[in-house]
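Remarks on the overall topology
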Amino acid sequence: MTQDSLSKEGGRTAASMLSSVLRVLDAENRLLERADQKAISLLSALGVFMVFFIVYHRVIPINLFTVILLSIYFAVSLMAIVSLILTVRPRIRLVGEETEDIDKPATCEPAFFVGICKFPTLSAYRQALQDMIKDEASTIDVYTRQIFSLARINAAKYKNIQRAVLLVVIALATELTLVAYLFIYYYSQGANLLPPITG
């Protein structure tokens, strides 16, 4: 094999590796978006069901059973809201690489929004981006760091969304139990329907 064919094969391998890295990065970004969409949808559904208490709080009889159900509902709903907020904005600790040199100054990554914002001028950003594109190993390194960061964010988001789904299901089951109890309670009192909410 000649030197020219070896460099072409090495170029294809690097391009193939960069393509694979970009596919993984795209998949992590899609997971990030899906977690946010799930959280917003669950938060909206929880808000819609909370309207029931705003409308019917006057007709809920105060007894031990309803106080227990309401306490469970509001506690679980509050925990669900906190979990959903933590899904949209997860809290993760930043951990440096094990091989990172402590004395080495932090570099700005020109392909990630946090790094882009650290550049003082457009020309400095343009130069850093061109330098990164010229070196394929550097480009792959930048994107693999992004994948690692996004994977950690996704892990935190999906942990919170799983907890939130469970809490929302418990909250809605509690609310439906209360609704069923209200119908039984007012039916046993001789009313065919719930009393009107006016007045």
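Located above this text is the structure these notes cover.
Residues numbered from 1 in each chain as written. Predicted model: local features only at pLDDT ≥ 70, side-chain atom pairs only at ≥ 80, totals over all residues. Heavy atoms only, no water.

Focus on the pattern of salt bridges
Using the criterion set out here, one finds 3 salt bridges in the structure. When the shortest N-O distance is used, the salt bridge between Lys157 and Asp36 registers 2.4 Å. With Lys157 in helix α5 (residues 136-188) and Asp36 in helix α1 (residues 3-56), the pair connects residues that are 121 residues apart, well separated along the chain. With relative accessibility at 23%, the residue Asp36 sits in the partly exposed group. For Arg145, the salt bridge goes to Asp141, with nearest N and O atoms at 2.4 Å. (Salt bridge = Lys/Arg side-chain N within 4 Å of Asp/Glu carboxyl O. Helix = DSSP H or I, 4+ residues; strand = E, 2+ residues; numbered from the N terminus. Buried < 20%, exposed > 50% of the residue type's maximum accessible area, 1.4 Å probe, protein only.)

Some words on the packing of helix α4 (residues 122-134) against α5
Packing of α4 against α5 leaves a shortest axis separation of 5 Å and a crossing angle of 110 degrees. Taken together, α4 and α5 sit at an angle that is classed as roughly perpendicular. For the pair α4 and α5, the contacting residues are Met132, Ile133 and Lys134 in the first and Glu136, Ser138, Thr139, Val142 and Tyr143 in the second. For the contact of α4 with α5, a count of residues per class yields 4 nonpolar, 2 polar and 2 charged. (Axes fitted to C-alpha atoms, helices over the stretch in contact; angles between N-to-C directions. Parallel < 35°, antiparallel > 145°, perpendicular 65-115°, else oblique. Contact = heavy atoms within 4.5 Å. Nonpolar A, V, L, I, M, F, W, Y, C, P; charged D, E, K, R; others polar.)

As for the nonpolar core
Core analysis: the largest hydrophobic core is formed by 23 residues, its most contacted members being Phe53, Ile60, Leu84, Ile161, Val168 and Leu178. Looking at this core, the elements that each hand over two or more residues are α1, α2 (64-88) and α5. A total of 9 residues in this core trace back to one element, the largest contributor, which is α5. With near-sequence residues (within four places) excluded, Ile161 lies in contact with Ala35, Lys38, Ala39, Leu42, Leu84 and Thr87. (Core = buried A, V, L, I, M, F, W, Y, C linked by side-chain atoms within 4.5 Å.)

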